[in-house]
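# Notes for the structure review
Next come the chains, spelled out residue by residue.
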Amino acid sequence: MINKIKTLLRRMSPLFILIAFIVVAQILIGTKEAPEQKPDEVPVAIVDVTEVQQQTVSLNLPSYGVVSPKYKTQLVTEVKGRMLSISANFVAGGVVKKGDELAVIEPSDYEADLMQAQASLAQAKAALEEERAKGEVAKNDWKGYDGGVPPELGLRLPQLKQEQANVKFQQAALARAQRNLERAVIRAPFDGIIKSRIVDLGQYVTLGTNLGELYDTRIAEVRLPLSNNDLAYLESVDNPDTDVSLSAGLAGKTITWQGQIIRSEGVIDAENRMVYLVAEVKDPYLRNNRLEGQLPLKYGTFVTAVIKGRTVEGIVKLPRHLVRDNQVTIVNKDNSIELRNVNVVKSDLENVYIKGSIESGERISLTNLTNAENGQIVKVLGEESSSSQDIDSETNNTEEQLANAGAQ
C-alpha cells in the first residue's frame, strides 16, 4: 500500500510543480507595479542669430566691359613717295604726343614743287605790277578825251583783273605746294599710343596708304550692359550721370579706377536685349598725373564695374542665402520662430536688399532650420538661459501631466 502511494506521488510531482509555478506567477502578476511613463523628449533646436539694422544704401548695379579709346584713327598718307625715315616711337606700343614726327616721305619732289610755285608767284606779281603801270599810262593818255567816259579796255582794266586773278592762282598753288611738303612728314594728330604700324622703311606709298593705327590716351570708354529692369535703380534713366568704379586684376592684385557714366546708347541690343551705358575714364594711361602705386588702365582690359544707383532709406541688407522664397526666419524675443514674407527691392550675387519688412533690432536666424514652423521654440546660441529655464519648466510640467495620466 505504502509503495503504491510513493509511486503515485512520484508520478504526480510534475503536476504539483506546474501548479506551484502557476500560483507563484499569479502572485507576481498581482503584485507588479505599473511602469513609469515618460513623454518623448523633443530636442530644442539651437540657432545662431544676427541683429539687423535699417540703413541708407545706394542700390549699386554690377556690370562688365572692355576698355577702349574714345578716339582712334588710321594714319594714312596724303602724298606719295618713298619712306625716307621712321621714328623710333612709331612702333606698336609707342607713346607719342600731339605733333610728334612719326615718319618722313622723300620730300625732294615737293621741295621742287614749292620752289616752282614760288617762282610762278613771283612772275605773276611782276606781271601784275607791269599791268598796273600800263594802266596808269593809259589813264594819262585818256585824260584829254572829250568823248565821255573812256572804255575799260582803253584803261586796261580787264588786263589788270586778269593779272590779279593770276596772282591769286599762283598764291593758291604755292599754299598747296607748302602743304604737300608739310604732309611729307607724318605727325601724331593727338596724344596717343601706337596700336600698330604696317609700313616699313624704304617702302613706296601712294595717296591714302594706311601707315598704322593710333589710339587716343586722353579719354577711355567702357560700354557697360544692363538689363532693362536695372535702369529703374538709376537716379535718371534718360541722363544717367553717375559714378562708376572699375576694377581688374593686374600684376597679381586688384586695381580700381574711378570713372563717370556720361551717356546711354539709348537702344536695346537686338541680340542680348541689354541696354548699354558708356563710362568714361580720363587720362587712363596716367600721362598727366600719376600717383605712387597707381597703374594705368590699358586698352583691351576686361573690367568689372559697379555703377552707383539711387539712394534708398530703410533698407535691410542680408546675405542671399538667408532669404528663401522671399521668406526670412525671424527669432522673436521669446525665442519663437516666425517665417516672414519680405519685400525684396533688389538682389545681386551676394546680397538681398529688403525694404519695409524688417525693423531695426530684429533677429534673423543664421542657421538653416529644416522644416521650421511658426511658433517653434529655439535656443539662441550663446544666450544666457532664462529662456532655457522656461523651456525646462514647460518640459517638466508636460512630464508630470503625462505621468498623472498614465497612473490614472
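Identification of the protein as RND superfamily efflux pump MFP component from Shewanella sairae is taken from an unreviewed UniProt entry. What UniProt records for the protein under Sequence similarities (unreviewed entry) is the sentence "Belongs to the membrane fusion protein (MFP) (TC 8.A.1) family."

Membership of the largest hydrophobic core comes to 32 residues, with the highest contact counts inside it found for Leu224, Val244, Leu246 and Ile307. Elements supplying a minimum of two residues to this core: strand S4 (61-69), strand S13 (219-227), strand S14 (243-250), strand S15 (253-268), strand S16 (274-282), strand S17 (302-307) and strand S18 (311-319). For Val244, the contacting residues outside a window of four places in its chain are Leu224, Trp257, Gln258, Gly259, Gln260, Ile261, Ala279, Ala305, Val306 and Ile307. Leu75, Phe90, Ala184 and Phe190 belong to the second largest nonpolar core, which has 18 residues in total.

So, about helix H3 (residues 157-183). Because an α-helix packs 3.6 residues into every turn, residues spaced three or four apart end up facing the same way. The terminal C-alpha atoms of H3, which comprises 27 residues, lie 39 Å apart, in line with the 39 Å expected from a rise of 1.5 Å per residue. Those residues of H3 that fall on the buried side of the exposure criterion are Leu160, Glu163, Val167, Gln170, Ala173, Leu174, Ala177 and Asn180.

Turning our attention to the confidence of the model for the protein. Confidence in the prediction of the protein, expressed as mean pLDDT, is 84, and 86% of residues score 70 or more. Counted against residues more than four places away or in other chains, residues 386-391, with its pLDDT under 50, gives 5 contacts.

With that settled, consider the side chain of Gln170. Looking at where Gln170 falls in the secondary structure, it is placed in helix H3. Residue contacts for Gln170: discarding those within four places in its chain leaves Ala117, Ser120, Leu121 and Ala124.

Turning to the UniProt feature "transmembrane region" (unreviewed entry) in the protein, a few remarks are in order. Within this structure's numbering, the places UniProt gives as "transmembrane region" (unreviewed entry) are residues 12-29. This span, residues 12-29, is 100% helix and 0% strand, and a straight line between its end C-alpha atoms measures 26 Å.

Scanning the model with the defined rule gives 10 salt bridges in all. Notably, a salt bridge pairs Glu130 with Lys134, separated by 3.4 Å at the nearest N-O pair. With a gap of 4 residues between them, Glu130 and Lys134 both fall in helix H2 (residues 108-141), about one helical turn apart. One connected set of salt bridges, linked through shared partners, spans Glu338, Arg340 and Glu362.

As paired strands, strand S3 (residues 55-58) and S18 are joined by 3 bridges and run antiparallel to one another. Residue Ser58 lies in a different strand from S18, and its bridge partner there is Thr311. Sheet topology places S18 next to strand S22 (residues 351-355); 5 bridges connect them, and they run antiparallel. Bridge pairing links Ile315 to Lys355 in S22.

This part takes up the sheet that holds strand S2 (residues 49-51). Read across the open sheet, the 4 strands follow the order S2-S23-S19-S20; overall the sheet is antiparallel. At either margin of the open sheet sits one strand with a lone partner, and together these are S2 and strand S20 (337-341). Mean inter-strand twist for the sheet, computed between neighbouring axes without regard to direction, equals 40°. Across 3 bridges, S2 lies against strand S23 (residues 363-365) in antiparallel orientation. Paired with Glu51 across the bridge in S23 is Arg363.

Taken together, Glu106, Asp109, Glu111 and Asp113 make up a surface patch of like negative charges. Mapped onto the fold, Glu111 is located in helix H2.

What follows covers the sheet that holds S22. Read from one edge to the other, the open sheet built from 4 strands follows the order S3-S18-S22-S21, with strand pairing classed as antiparallel. In the strand order of this sheet, the two ends are held by S3 and strand S21 (344-347), each with one partner. Adjacent strand axes in the sheet meet at a mean angle of 50°, parallel and antiparallel pairs treated alike.

Parameters and conventions
Residues numbered from 1 in each chain as written. Predicted model: local features only at pLDDT ≥ 70, side-chain atom pairs only at ≥ 80, totals over all residues. Heavy atoms only, no water. UniProt positions renumbered as here; feature names shortened; annotations may be inferred. Core = buried A, V, L, I, M, F, W, Y, C linked by side-chain atoms within 4.5 Å. Buried < 20%, exposed > 50% of the residue type's maximum accessible area, 1.4 Å probe, protein only. Helix = DSSP H or I, 4+ residues; strand = E, 2+ residues; numbered from the N terminus. Contact = heavy atoms within 4.5 Å. Expected span 1.5 Å × (residues − 1). pLDDT = per-residue confidence, 0-100. Salt bridge = Lys/Arg side-chain N within 4 Å of Asp/Glu carboxyl O. Pairing = 2+ DSSP bridges. Axes fitted to C-alpha atoms, helices over the stretch in contact; angles between N-to-C directions. Patch = residues over 30% accessible without salt bridge, like charges linked within 9 Å, V, L, I, M, F, W, Y side chains within 5 Å. Areas by Shrake-Rupley, 256 points an atom, 1.4 Å probe, with all protein chains shown as cover. Lys, Arg positive; Asp, Glu negative; His and termini not counted. Charge placed at Lys NZ, Arg CZ, Asp CG, Glu CD.

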